[in-house]
Amino acid sequence: MSERTAKQQRKTKETDISVSLNLDGTGKSGIDTGIGFFDHMLEGFARHGFFDLNLTCKGDLQVDSHHTIEDCGIVLGAAIREALGDKQGIKRFGSCILPMDETLVLCAVDLSGRPYLVFDGAFTADRLGDMDTEMVKEFFYAISYSAGLNLHIKVLNNGNNHHMAEAMFKAFARALDDAVTIDPRIQGILSTKGSL
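Going along each chain's sequence as written, the residues are numbered from 1 onward. Two thresholds apply to this predicted model, a pLDDT of at least 70 for residue-level local features and 80 or more for giving and counting side-chain atom pairs, whereas whole-chain, interface and lining totals are computed over all residues. Side-chain calculation: all heavy atoms of the structure are included, whereas hydrogens and water are not.

> Explain the overall build of the protein chain here, please?
A run of H or I in DSSP becomes a helix once it reaches four residues, and a run of E becomes a strand once it reaches two; helices and strands are each numbered from the N terminus. The helix and strand tally for the protein chain stands at 4 helices and 10 strands. Secondary structure of the protein chain in N-to-C order comes out as β-β-β-α-β-α-β-β-β-β-β-α-β-α. Radius of gyration here uses only the C-alpha atoms, and the compact-globule reference equals 2.2 Å multiplied by the residue count raised to the power 0.38. Relative to the globule expectation of 16 Å for 196 residues, the C-alpha radius of gyration of the protein chain, 16 Å, shows essentially globular dimensions. Summarising its shape, the C-alpha atoms of the protein chain cover approximately 50 × 40 × 30 Å along the three principal directions. Split into buried and exposed, the 196 residues of the protein chain put 51% on the buried side. Contacts are residue-level and defined by heavy atoms, with any inter-residue pair within 4.5 Å sufficient. A separation of at least 24 residues holds for 76% of the contacts in the protein chain among residues at least 6 apart in sequence. Relative accessible area decides the class of each residue, using a 1.4 Å probe on protein chains only: under 20% of the type maximum gives buried, over 50% gives exposed, and in between gives partly exposed.

Put into structure tokens, the structure is as follows:
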């Protein structure tokens, strides 16, 4: 099996982002976005998905966290798409129901090539550290659109806002790891259309 890795860069007047990703890693990460809580979420994503991820972003944080977080989703999504290549042999679908103390989050992924986000989770705090909680949904929207994946995230039991956000990122990691797994029973592409 060839290495499923990608490198992506994106520079605008608002952000300067560099990403390297290995889908078949061990969970090592080096993250620096300037937003501590977001770094923590991306480190959890890498660790629990067994993805090797390096991501740096210099963003216009003097404005707010929006551009940094959204653009990181765009660039990470592009890296996922590149690393997947032609999607030969992947399971395509992945899901996870993940508990974190009192919270419970469901995440389901289809690497269909058709972007769509269904997000059902309401936060009761405006911020977690330096990260606006409304940006959690925006990040997952950006990643689903850029990677070309169908993504469902649903909070089944809510509670502490930190726990809810962290469970979302970890559940997404586990579901994505499941979906990108190579299954030797799959010949070619897992679709009746013959392509994804």
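Text resumes after the structure shown.
> Sorry, what's going on with the packing of helix H1 (residues 36–49) against helix H4 (residues 161–180) here?
Helix-helix packing: each pair is described by the crossing angle between the helix axes and the interaxial distance. With their axes 8 Å apart at the nearest point, H1 and H4 run at an angle of 35 degrees to one another. The two elements H1 and H4 cross, and the hand of that crossing is right-handed. Taking contact as the criterion, the partners of Phe-37, Phe-38, His-40, Met-41, Leu-42, Gly-44, Phe-45, His-48 and Gly-49 in H1 are, on H4, His-162, Ala-165, Glu-166, Phe-169, Lys-170, Phe-172, Ala-173, Arg-174, Leu-176 and Asp-177. Between N-to-C directions, angles cover 0 to 180 degrees, with each direction set by a line fitted to C-alpha atoms, over the stretch in contact for helices. A clockwise turn of the near helix away from the far one marks a right-handed crossing, whereas an anticlockwise turn of less than a right angle marks a left-handed crossing.

> Looking at this model, I keep getting lost on the nonpolar core. Mind explaining?
Generally speaking, a soluble globular protein has its nonpolar side chains buried in company with each other. The term nonpolar core refers to a set of buried residues drawn from Ala, Val, Leu, Ile, Met, Phe, Trp, Tyr and Cys, joined through side-chain atoms within 4.5 Å. If you look at the biggest cluster of nonpolar residues, it comprises 60 residues, and the most contacted ones within it are Phe-140 and Leu-151. Here this core gets 12 residues from one element, more than from any other, and that element is H4. Contact partners of Phe-140, with chain neighbours within four places excluded, come to Leu-117, Phe-119, Leu-151, Ile-153, Met-168, Phe-169 and Phe-172.

> Even after reading the chapter, I still don't get the sheet that holds strand E10 (residues 150–157), so can you show me in this structure?
Strands belonging to one sheet form pairs held by backbone hydrogen bonds; the direction of such a pair is parallel or antiparallel. One requirement defines pairing of two strands: DSSP has to find at least two bridges between them. Read across the sheet, 4 strands follow the order E5-E6-E10-E7 without closing on themselves; strand pairing throughout is mixed. The open sheet terminates on both sides in strands that have one partner only, identified here as strand E5 (93–100) and strand E7 (116–120). Going from strand to strand, the sheet's axes swing by 10 degrees on average, the running direction of each strand aside. With 8 bridges connecting them, E5 and strand E6 (residues 103–110) associate as antiparallel partners. Looking at the pairing, Phe-93 lines up with Asp-110 of E6. Together, E7 and E10 form the strand contacts of helix H3 (residues 134–147), whose direction differs from that of E7 by roughly 160 degrees.

> Where do I start with the sheet that holds strand E2 (residues 15–22) in this structure?
Within the open sheet, the 4 strands sit side by side as E1-E2-E4-E3. Their pairing is mixed. Looking along the sheet, the strands with just one partner apiece sit at the ends: strand E1 (5–11) and strand E3 (29–32). The mean angle between the axes of side-by-side strands here comes to 5 degrees, regardless of whether they run parallel or antiparallel. As paired elements, E3 and strand E4 (residues 52–59) share 4 bridges and run parallel to each other. By the bridge assignment for E4, Gly-30 is matched with Asn-54. The strands touched by H1 within the sheet are E3 and E4, with E3 carrying the most contacts at an inclination of about 160 degrees. Contacting E1, E2 and E4, helix H2 (residues 66–84) crosses the sheet at an angle of about 145 degrees to E1.

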